[in-house]
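As a plain string of letters, each chain reads:
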Amino acid sequence: MNNLYGKTVFITGATKGIGRSCALAYAEKGSNLILTARSGDLLDSLKEELIRKYGVKVYTLVIDVQNSADVENKVNSLPESFKNIDILINNAGLALGLDKAFLATPTDIDAVIDTNVKGMLYITSSIVPLMLKNNSGHIVNLGSIAGDAAYAGGAIYCASKAAVKSFSDGLRIDLVDTNLRVTNIKPGLVETEFSKVRFKGDIEKANNTYKGINALTPDDVANVVIYATGLPENVQLTEIAMTPNHQADGRTVHRNI
Ligand code: NAP
């Protein structure tokens, strides 16, 4: 038995990368899951895999976190048995391009800000009131070391992750008189589909991101999320920064090439 057994965990962006690894890691601990993302087919196959391997309860919701009405309606539609949410993982997010900020298109700017910032706010606003009914819960936001210091070509993404940091800090203040906890997890380079999305399917550019380094895996991040949320309820990790060895910060990477 562990602290996470039987808990209900709501994950955004559960179909790929860090979110998917978190889903598998929580299921292994015996947590029940609400998995959300835009790709319904991937949610269905992950649900089937988790039930078959771990025998946990899984509910899926196709949600685009950019759409506040979609978020509200889908969260309201949860069956009563899934409304006691213990852990929220605000993970859905992306970067688009690596150009100077003033060259970004309005469409790309909207996608990054609406997903990484507004999506996190909509989801949090719909779930925290459910947690407050039980005076219990843990909100984990996937920030980034990109939110600590900007890097070349990352101004918009870095600004979105700085917003994740500020929001996490402010929410922790808002909830200080409750039992709810808030943790901002800030990874460096993690090898996922993140770079493929950033470079709009250009595989060569995406692969170059990880060339000559031993990047973090999504499982590495999931292990840290599990650690932070499995601690006794009097312990709140406010922030955790993690990088692969040979990455010092968002700008400084040693590549073995
Ligand atoms: P990923 O492999 O591209 O996965 C992103 C996930 O987010 C997918 O499941 C995607 O699912 C979902 N998603 C994207 N837009 C969405 C939307 N509008 N509504 C709902 N779901 C959406 O990326 P990742 O590397 O795992 O990134 C996860 C988080 O970690 C992000 O917040 C990212 O900024 C952060 N992070 C990543 C790295 C890194 O190096 N990879 C480093 C630091 C922080 P669908 O396409 O099915 O919707």
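Our subject is the structure that appears above.
This report concerns the structure included in the present document. Since the structure is predicted, the reported quantities are computational estimates derived from the model, not experimental observations. (Residues numbered from 1 in each chain as written. Predicted model: local features only at pLDDT ≥ 70, side-chain atom pairs only at ≥ 80, totals over all residues. Heavy atoms only, no water.)

### Observations concerning the overall build of the chain
How we decide: Only DSSP runs of H or I covering at least 4 residues are called helices, and only runs of E covering at least 2 are called strands; the numbering of each starts at the N terminus. Atoms counted for the radius of gyration: C-alpha only. Globule rule: 2.2 Å times the number of residues to the power 0.38. Residue contacts follow a heavy-atom distance rule, with two residues in contact if any of their heavy atoms lie within 4.5 Å. Per-residue accessibility takes into account occlusion by the displayed protein chains alone, with areas from the Shrake-Rupley method and a 1.4 Å probe. Note that His is not counted, nor are the chain ends; the positive residues are Lys and Arg, and the negative ones are Asp and Glu. A charged residue contributes its charge at one atom only: NZ of Lys, CZ of Arg, CG of Asp or CD of Glu.
Along the chain, the regular secondary structure elements total eight helices and seven strands. Relative to the globule expectation of 18 Å for 257 residues, the C-alpha radius of gyration of the chain, 18 Å, shows essentially globular dimensions. By its C-alpha atoms, the chain is 50 × 35 × 35 Å across when sized along the principal axes. Of the contacts formed within the chain by residues at least 6 apart in sequence, a portion of 73% connects residues at least 24 apart. Approximately 12200 Å² of the chain is accessible, and the part contributed by carbon and sulfur atoms is 51%. Distance between charge centres in the chain, computed from 26 positive and 27 negative side chains, equals 2 Å.

### Details of the side chain of arginine 172
Mapping arginine 172 onto the fold places it in helix 5 (residues 155–174). Sequence-distant contacts of arginine 172, that is, excluding residues within four places in its chain, are made with Val182, Asn184, Gln236 and Thr238.

### Points about the packing of aromatic side chains
Short version of the rule: Any two rings among Phe, Tyr and Trp, with Trp reduced to its six-membered ring, count as a pair given centres within 6.5 Å; such a pair is stacked if its planes are under 30 degrees apart, edge-to-face if over 60, and tilted if neither. Between buried and exposed lies partly exposed: a residue is buried under 20% and exposed over 50% of the maximum accessible area for its type, with that area taken using a 1.4 Å probe on protein chains only. Note on criteria: charge over ring means Lys NZ or Arg CZ within 6 Å of the ring centre, with the direction from the centre no more than 35 degrees off the ring normal.
This structure, assessed with the given rule, holds two aromatic pairs. Seen from their ring centres, tyrosine 59 and phenylalanine 82 are 5.3 Å apart, and the 40° between their planes marks the pair as tilted. Of the two residues, tyrosine 59 is situated in strand 3 (residues 58–62) and phenylalanine 82 in the loop between helix 3 (68–76) and strand 4 (87–90); the sequence distance between them amounts to 23 residues. Tyrosine 59 gets classed as partly exposed once you look at its relative accessible area, which sits at 25%. The buried category is assigned to phenylalanine 82, whose relative accessible area is 9%. Positioned above the aromatic ring of tyrosine 157, the side-chain terminus of arginine 198 is 5.6 Å from the ring centre.

### Some remarks on the site of the ligand
This is how it is decided: Being near a molecule or strand, for a residue, comes down to having at least one heavy atom within 4 Å of it. Whenever a nitrogen or oxygen atom comes within 3.5 Å of another N or O atom, the pair is scored as a polar contact, on the condition that within protein one atom can donate a hydrogen and the other can accept it, and that pairs from neighbouring residues in sequence are kept only if both atoms are in side chains. The distinction between a cavity and a pocket rests on a 1 Å grid over the protein atoms alone: a 1.4 Å probe fits inside a cavity but cannot get out, while a pocket stays open yet meets protein on both sides within 12 Å along at least five of seven lines, and a residue with an atom within 4 Å of a point counts as lining. Assignment of a molecule to a cavity or pocket requires that more than half of its atoms lie within 2 Å of the corresponding grid points. By the convention adopted, Pro, Cys, Tyr, Trp, Phe, Met, Ile, Leu, Val and Ala count as nonpolar, Lys, Arg, Asp and Glu as charged, and the other residues, Gly among them, as polar.
Lining the immediate surroundings of the ligand are 29 residues, of which Thr15, Arg38, Ser39, Tyr157 and Thr192 lie closest. Arginine 38 is positioned such that a nitrogen or oxygen atom in its side chain is 2.7 Å from an oxygen atom of the ligand. In the model, an oxygen atom of the ligand is placed 3.5 Å from a nitrogen or oxygen of the glycine 188 main chain. According to the grid-proximity analysis, the pocket containing the ligand is the largest pocket. Of the residues assigned to the shell around the ligand, the class counts are 12 nonpolar, 12 polar and five charged.

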